[in-house]
Amino acid sequence: MTYRSADMAWLNRSLAAKDKIRKAGRTPNGHTLWKSSERAVLKKHFPDYKAIKKRLPERSMAAIRGQCHLMGLSTPKAAWTAADRAKLKRLFPTVSKAELLAAFPGRTYVSLQVSGYQMGLKRWRKPYVKTSHPVLDDVREACRTKGHFMPDLDVYAGTGHYFSRLAARRKKHDFRKVDKAIKALGGTLTIE
């Protein structure tokens, strides 16, 4: 195998920088290098990060977790399989947080949320507060079941900020805007 002179120059600079860091005992950012005694503390107390932090107060939690990962102490995250994604797609929008965690043991709620949002899924939201007007309540409920927010409805119906700016608290309602919202949601307004 042949090496170019540029490759050798880069290798020499790299080795010189490594020697300089080792002699100084610090990285170029000013962080101290990990000592073998500190690594022994990590091995001895590994899963208990609080005990490790107590014994290594000068190290940040991020540095401790990172070094544990580099040493191979922490377990790698399980990859998402197609079956996991299908199950998440089925359960994510409708089940409660506790049921979701029970369905995916070993995963945190944050990781489930991130994966769900990356897949384009939306969580079920609480129903809107009931107003004094049943037509407006029906519009708001239809919007929620379709997974839209009130500002989305304003955009779809072309109603400015009517629904997003507390239309529920108005004493008089603009039924032309309500009719536009109903049509935007795929319904019709009928008077009985």
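Along each chain, residue indices are assigned from 1 in the same order as the chain's sequence is written. It should be noted that, the model being predicted, local features are given only for residues of pLDDT at least 70 and side-chain atom pairs only at 80 or more, the latter also being counted only at that level, while totals for whole chains, interfaces and linings use all residues. To get the side-chain values, all heavy atoms of the structure are used, and hydrogens and water are removed first.

*Asks:* Report on the pattern of salt bridges, specifying residues and quantitative values.
*Replies:* For this analysis, a salt bridge means a side-chain nitrogen from Lys or Arg found within 4 Å of a carboxyl oxygen belonging to Asp or Glu. Within this structure, the stated rule accounts for four salt bridges. Its salt-bridge partner being R107, residue D84 comes within 4.0 Å of it at the nearest N-O pair. Taken together, the residues D84 in helix α5 (residues 82-91) and R107 in the loop between α6 (97-103) and α7 (109-118) connect sequence positions 23 residues apart. Residue burial is assigned from relative accessible area. The probe radius is 1.4 Å, only protein chains are included, and a residue is buried under 20% of its type maximum, exposed over 50%, and partly exposed in between. Its relative accessible area of 21% is what places D84 among the partly exposed residues. R107 gets classed as buried once you look at its relative accessible area, which sits at 18%. The closest approach of N and O atoms between D179 and K183, which form a salt bridge, is 3.3 Å. Note that D179 and K183 are positioned in helix α10 (residues 175-184) at a spacing of four residues, about one turn of the helix. Looking at K183, the relative accessible area reads 56%, which means it is exposed. Helix numbers and strand numbers start at the N terminus; a helix is a DSSP run of H or I with at least 4 residues, a strand a run of E with at least 2.

*Asks:* Tell me about the packing of aromatic side chains, and please be specific about residues and values.
*Replies:* In this scheme Phe, Tyr and Trp rings, the latter by its six-membered ring, pair at centre separations within 6.5 Å, and the angle between planes marks the pair as stacked below 30 degrees, edge-to-face above 60, and tilted otherwise. Here the structure, examined in full by the defined rule, presents two aromatic pairs. Centre to centre, the rings of W80 and F104 are 5.8 Å apart; their planes meet at 50°, and the pair counts as tilted. Residue W80 is found in the loop between α4 (61-70) and α5, and its partner F104 is found in the loop between α6 and α7; the two are separated by 24 residues along the sequence. With a relative accessible area of 4%, F104 lands in the buried category. Measuring from ring centre to ring centre gives 5.6 Å for F92 and Y117, while their planes differ by 85°; the resulting arrangement is edge-to-face. With a gap of 25 residues between them, F92 in the loop between α5 and α6 and Y117 in helix α7 connect regions that are remote in the sequence. For a lysine, the NZ atom is tested; for an arginine, the CZ atom; a charge sits over a ring if that atom is within 6 Å of the ring centre and within 35 degrees of the ring normal. Sitting over the face of the ring of Y49, R65 holds its NZ or CZ atom 4.8 Å from the ring centroid.

*Asks:* Mind laying out the confidence of the model for the chain, listing which residues take part and the relevant values?
*Replies:* Across the chain, the average pLDDT comes to 80, with 92% of residues at 70 or higher. The pLDDT value tells you how sure the predictor is about a given residue, anywhere from 0 up to 100. Across the chain, the element-wise mean pLDDT spans from 78 in helix α1 (residues 5-24) up to 89 in α5.

*Asks:* Can you break down helix α8 (residues 134-145) residue by residue, with the values?
*Replies:* Every helix has an expected span of 1.5 Å times one less than the residues it contains. In a regular helix each residue adds 1.5 Å, so 12 residues correspond to 16 Å; α8 covers 16 Å between its end C-alpha atoms and thus fits that length. Contacts are residue-level and defined by heavy atoms, with any inter-residue pair within 4.5 Å sufficient. Those residues of α8 hidden inside the fold are in contact with α9 (150-157) and α10. Following α8 by one or two positions, G147 adopts a phi angle in the positive range, close to 85°.

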